[in-house]
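Letter by letter, the chains look like this.
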Amino acid sequence: MDGAGKKTSAAIHQEVAREIEALLERVFAERRRSGGIDLEAVEMALRSSLHSAGAAALAQLLQYGPPAADQRWQPCSCGQQAHYVELRTKQVWTALGPLQLQRPYYLCSSCKRGHFPVDLELDVLKTGLSPGVRRMMALVGHEVPFNRGRAQLKLLADLTVTTKAVERTAEAIGRDILAQQQQDIRRAQQLDLPLVTGPRIPILYIQIDGTGVPVVIAETQGRKGKEPGQPAHTREAKLGCVFTQTTTDAEGRPVRDEDSTSYVGAIETAEEFGLRIYTEAWHRGWDRADLKALMGDGAVWIWNIGDQHFPGAVQIVDLCHAREHLWNLAPQLYPSDAARQKRWIMTAQDKLDNGRIESLLTSLRALRPASTEVIDLVRKEAGYFETNAERMRYPQFRAQGLFVGTGVMEAGCKTVVGTRLKQSGMFWTVRGANAIIALRCCQLSGNFEDYWEARRA
Ligand SMILES: [Zn+2]
């Protein structure tokens, strides 16, 4: 350690000792008075003292002096040089509490832009929150409502922040993740993505789904709602997941590779989402997969994405979803006759499960419902099964050892969107929702660590 280091170290020791002594004095006085120890109060107070001492130590490290004579100029983004002006301080909230950061300020006299090179180095550019604090805020902000996140930070980390700060920070990090994805997507568009090398992947799945996110009124103006004449209250978030499969179990049922699922999603057009999920699939080894499957619920936009971006993938309509169509139709066909509904479903579902779609269509077309409404409904459902017939050859898919249900995606929709974004009283802006969806997808895909590593680099 050099002279300055020793001096800093001595100052820190002194600071820590002073904090702890002051606290212990209070603890002993209290014990003399009451004859006991309130453990929770003492542990919390001790943590708080250690944090203060730590903040003092950290503050010592963050007192930058004026630059050396040969470092009084900094390159400016305008191409000119910015010159050193003075030392300036700002408050930074760290995991140990608030402290003053002192660092050199440079000004470009050509474009009048100010520079704080130290802020860039410490990753506190244009923010009063340290990377450690921002990371904690992102963690709670993607998991629970912002106000609860604030309370968790107080108890768990002894960090006093506002609800708004949790919201802003979590969303800013989500937007940063989105911006990085966007760069990646542009490279994918220009066929410029690096080849990802790795072992062959026996089976790679892409599952796509849509789910409504409750939004503020301004986000739905001019949009039709689900009920005729009613405005929309939600916007559709498009979600996709990619996972791999190497084996089947003893009964020949497919087994998803553990921890192999990654998620992407956003409220955006099918065209935009197509590029997003394509880029994700590429990173996950799309061109190294021996067998590829695309699964969805039957919505047209999903198969359009499949045709455009995933040629050669086996297209599968999620069996549970196809069954739901039958379950919804039965009560319309035989209202107030539960037994007949059940019999009809049993027969129809048997055909569906066995991929006998032509037979199912024949029986649908043989129906003679009384009302024109039900006639229309039956025609619509027949259209659904006819259009998707080749995507419902379940026995073939099973024989290939493939999944036929999209449990993974539906669970994903609930985890990514439902549990966090669809709580009562929540209304999102598209911008805010997309930031939090991106943050959640990043966390749930296990990529948050990488994101943070990349920032440090
Ligand atoms: Zn400049």
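What counts and how
Residues numbered from 1 in each chain as written. Predicted model: local features only at pLDDT ≥ 70, side-chain atom pairs only at ≥ 80, totals over all residues. Heavy atoms only, no water. Axes fitted to C-alpha atoms, helices over the stretch in contact; angles between N-to-C directions. Helix = DSSP H or I, 4+ residues; strand = E, 2+ residues; numbered from the N terminus. Parallel < 35°, antiparallel > 145°, perpendicular 65-115°, else oblique. Contact = heavy atoms within 4.5 Å. Nonpolar A, V, L, I, M, F, W, Y, C, P; charged D, E, K, R; others polar. Donors = N, O, S within 2.8 Å, 3.2 Å for Na, K, Ca; no water. Tetrahedral: all angles 85-135°; square planar, octahedral: opposite > 155°, others 65-115°. Buried < 20%, exposed > 50% of the residue type's maximum accessible area, 1.4 Å probe, protein only. Pairing = 2+ DSSP bridges. Phe/Tyr/Trp six-rings, centres within 6.5 Å; stacked < 30°, edge-to-face > 60°.

### As for the packing of helix 4 (residues 131-143) against helix 6 (residues 163-189)
Part 1 of the reasoning: Interhelical geometry of helix 4 versus helix 6 gives an angle of 95° and a closest axis separation of 8 Å. One finds that helix 4 runs roughly perpendicular with respect to helix 6. In this structure, helix 4 contributes R134, M137, A138, V140 and G141 to the contact, and helix 6 contributes A165, V166, T169, A170 and I173.
Part 2 of the reasoning: For the contact of helix 4 with helix 6, a count of residues per class yields seven nonpolar, two polar and one charged.

### Considerations on the coordination of the zinc ion
Part 1 of the reasoning: Here the zinc ion is held by the protein donor atoms C76 (SG), C78 (SG), C108 (SG) and C111 (SG), which lie 2.2 to 2.3 Å from it.
Part 2 of the reasoning: Each of the four donor atoms around the zinc ion contributes to a set of angles spanning 105 to 116°, which defines the coordination as tetrahedral.
Part 3 of the reasoning: All donors of the zinc ion come from a single chain, and their spacing in sequence reads C-x1-C-x29-C-x2-C.

### Digging into the pairing of strand 5 (residues 201-214)
Part 1 of the reasoning: Extensive coverage of strand 5 is indicated by the burial of 11 of its 14 residues.
Part 2 of the reasoning: Relative to strand 9 (residues 289-296), strand 5 is paired through six bridges, and the arrangement is parallel. Paired with I201 across the strands is A289, a residue of strand 9.
Part 3 of the reasoning: Bridge analysis of strand 5 against strand 6 (residues 234-248) gives 12 bridges, and the strand direction is antiparallel. Considered in strand 6, the bridge of I208 is made with G240.

### A short note on the packing of aromatic side chains
Part 1 of the reasoning: A complete count under the given rule lists 15 aromatic pairs for this structure.
Part 2 of the reasoning: Considering the side-chain rings of F243 and F403, the 5.8 Å spacing of their centres and the 75° angle between planes classify their relative orientation as edge-to-face. Residue F243 is located in strand 6, and its partner F403 is located in the loop between helix 13 (394-399) and helix 14 (407-421); the two are separated by 160 residues in the primary sequence.
Part 3 of the reasoning: Classification of F243 by relative accessible area gives buried; the value is 0%.
Part 4 of the reasoning: Three or more aromatic residues link up through ring pairs in this structure, and these residues are Y278, W282, W286 and F310.

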